[in-house]
Amino acid sequence: VVGGQPARIADAPWVVALSSRDRFGGTRGGQFCGGVVVAPTRVVTAAHCLGREILGGEPWEVPDFKVIAGRSALRGEGGKEIRVVGTWVNPAYDAATNDGDLAVLTLASALPQSYVIATAATGDGAETPGTPATVYGWGDTTGNGTYASSLRSAPVQVLSDAACERAYPGVFGTAYRAGTMLCAGDPQGGKDACQGDSGGPLVAGGRLIGLVSWGSGCGQAENPGVYTRVSALLPSTLRPVTPVSPSAR
Ligand code: 4AZ
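As annotated in an unreviewed UniProt entry, the protein chain is Serine protease from Streptomyces lateritius. The Sequence similarities (unreviewed entry) field of the UniProt record for the protein chain holds the comment "Belongs to the peptidase S1 family."

This is the structure we're talking about:
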């Protein structure tokens, strides 16, 4: 998160870090992405977090895959580390366009209900353009590869589909898709999600509206952050969760 501030985990108990052995030499507790608790044994994240670009190895196979919950400091004490025993990737996810960037993880043991966040539903107003929202993560704080060791957050606002389409028309790069994505930013620039925040939450009105997905750079007013539109993708995808392959355990 660029332009952010320290966030207390007690105020955001549904934010988790995704961790895998050997990532980043252990300097970040193996953290490689964010995730969000949507049921006691279910965490949603970005599908691209499980791909080759981030993990290096074969897609969907994550050595010693755990979530770190209830803890702000990645190398700190307290909280819970729970093994991931199942992964389900949205079959409509398209790595070439970032469309449908959502995966559901199954945890080996249940988190307390107090860790669970409510998710936005289409038409409930949480995604209305201009709504204040907050993005959370342990990602890059500068745009230069300096990662946070403790959770941070930044205030942004939900932008209109028209503004998102103007920012990302798809002429030179990836196109914004209104049905399955939403975008949010800071009118002055400076506050945004960044690398390492992927899969983490965008929250408005106490509800989960987005997952950090992509964008051009970090914190530039003309290039807002693009998020997976949770209301469009979660209801149909929370159900079919299949076991992870044995090699990933
Ligand atoms: C990334 O590389 C990334 N500013 C995530 C979010 C944004 C840009 C890049 C949004 O994972």
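Don't stop here, the text continues.
Attention now moves to the pairing of strand E3 (residues 31-39). Along any regular strand the residues' side chains alternate between the sheet's two faces. A large share of E3 lies buried, amounting to 8 of its 9 residues. Relative to E3, strand E2 (residues 15-19) runs antiparallel, the two sharing 5 bridges. Each bridged residue has a counterpart across the sheet, and for valine 16 the counterpart in E3 is glycine 35. Bridge analysis of E3 against strand E4 (residues 42-45) gives 3 bridges, and the strand direction is antiparallel. Of the residues in E4, the one forming a bridge with valine 36 is valine 44. If you look at the hairpin formed by E3 and E4, you'll find 2 residues sitting between the two strands.

Along the chain, the position of threonine 141 falls in the loop between strand E9 (132-137) and strand E10 (152-158). Take threonine 141: there are 21 C-beta atoms within 10 Å of it, and that puts it in the buried class. For the pair formed by threonine 141 and glycine 205, sequence separation is 64 residues and the distance between their alpha carbons is 25 Å. Excluding its chain neighbours within four sequence positions, the residues that come into contact with threonine 141 are Val1, Val2, Thr146, Ala148 and Arg152.

With respect to spatial proximity, the complete set of residues near the ligand consists of Asp192, Ala193, Cys194, Gln195, Asp197, Ser198, Val212, Trp214, Gly215, Cys218 and Gly225. A class-by-class count of the residues in the shell around the ligand yields 5 nonpolar, 4 polar and 2 charged.

Per-residue confidence for the protein chain gives a mean pLDDT of 89, with 88% of residues at or over 70. Below a pLDDT of 50 lies the segment residues 239-249, which in the model reaches 19 contacts outside its immediate sequence neighbourhood of four places, other chains included. Reported confidences for the modelled complex are a pTM of 0.92 and an ipTM of 0.97.

This part covers the sheet that holds E3. Ordered by their spatial adjacency, 6 strands build a closed barrel running E2-E3-E4-E7-E6-E5, and the pairing between neighbours is antiparallel. When strand polarity is set aside, the average angle formed by the axes of neighbouring strands in this sheet is 40°.

Let us now look at the environment of valine 84. When you line up the elements, valine 84 lands in strand E6 (residues 80-89). Spatially, the C-alpha atoms of valine 84 and glutamine 31 are 14 Å apart, while their sequence positions differ by 53 residues.

Quick look at unusual backbone geometry now. If you check the backbone angles, aspartate 64 has positive phi at about 50° while not being a glycine. By the element assignment, aspartate 64 lies in the loop between helix H1 (52-55) and strand E5 (66-69). Judged by local crowding, aspartate 64 falls into the partly exposed class, with 14 C-beta atoms found within 10 Å. Residue asparagine 98 is not a glycine yet carries a positive backbone phi of 70°. Within the element layout of this structure, asparagine 98 appears in the loop between E6 and strand E7 (103-107). Overall, the presence of 22 C-beta atoms within 10 Å leaves asparagine 98 in the buried class.

Bridging between E5 and E6 involves 4 bridges; their strand directions are antiparallel. Paired with lysine 66 across the bridge in E6 is arginine 83. Sheet analysis places E6 next to E7, joined by 5 bridges and oriented antiparallel. Residue pairing in the sheet places valine 89 in a bridge with alanine 103 of E7.

About the thresholds
- Residues numbered from 1 in each chain as written.
- Predicted model: local features only at pLDDT ≥ 70, side-chain atom pairs only at ≥ 80, totals over all residues.
- UniProt positions renumbered as here; feature names shortened; annotations may be inferred.
- Buried ≥ 20, exposed ≤ 12 C-beta atoms within 10 Å, placed from the backbone.
- Helix = DSSP H or I, 4+ residues; strand = E, 2+ residues; numbered from the N terminus.
- Pairing = 2+ DSSP bridges.
- Contact = placed C-beta atoms within 7 Å.
- Near = placed C-beta within 6 Å.
- Nonpolar A, V, L, I, M, F, W, Y, C, P; charged D, E, K, R; others polar.
- pLDDT = per-residue confidence, 0-100.
- Axes fitted to C-alpha atoms, helices over the stretch in contact; angles between N-to-C directions.

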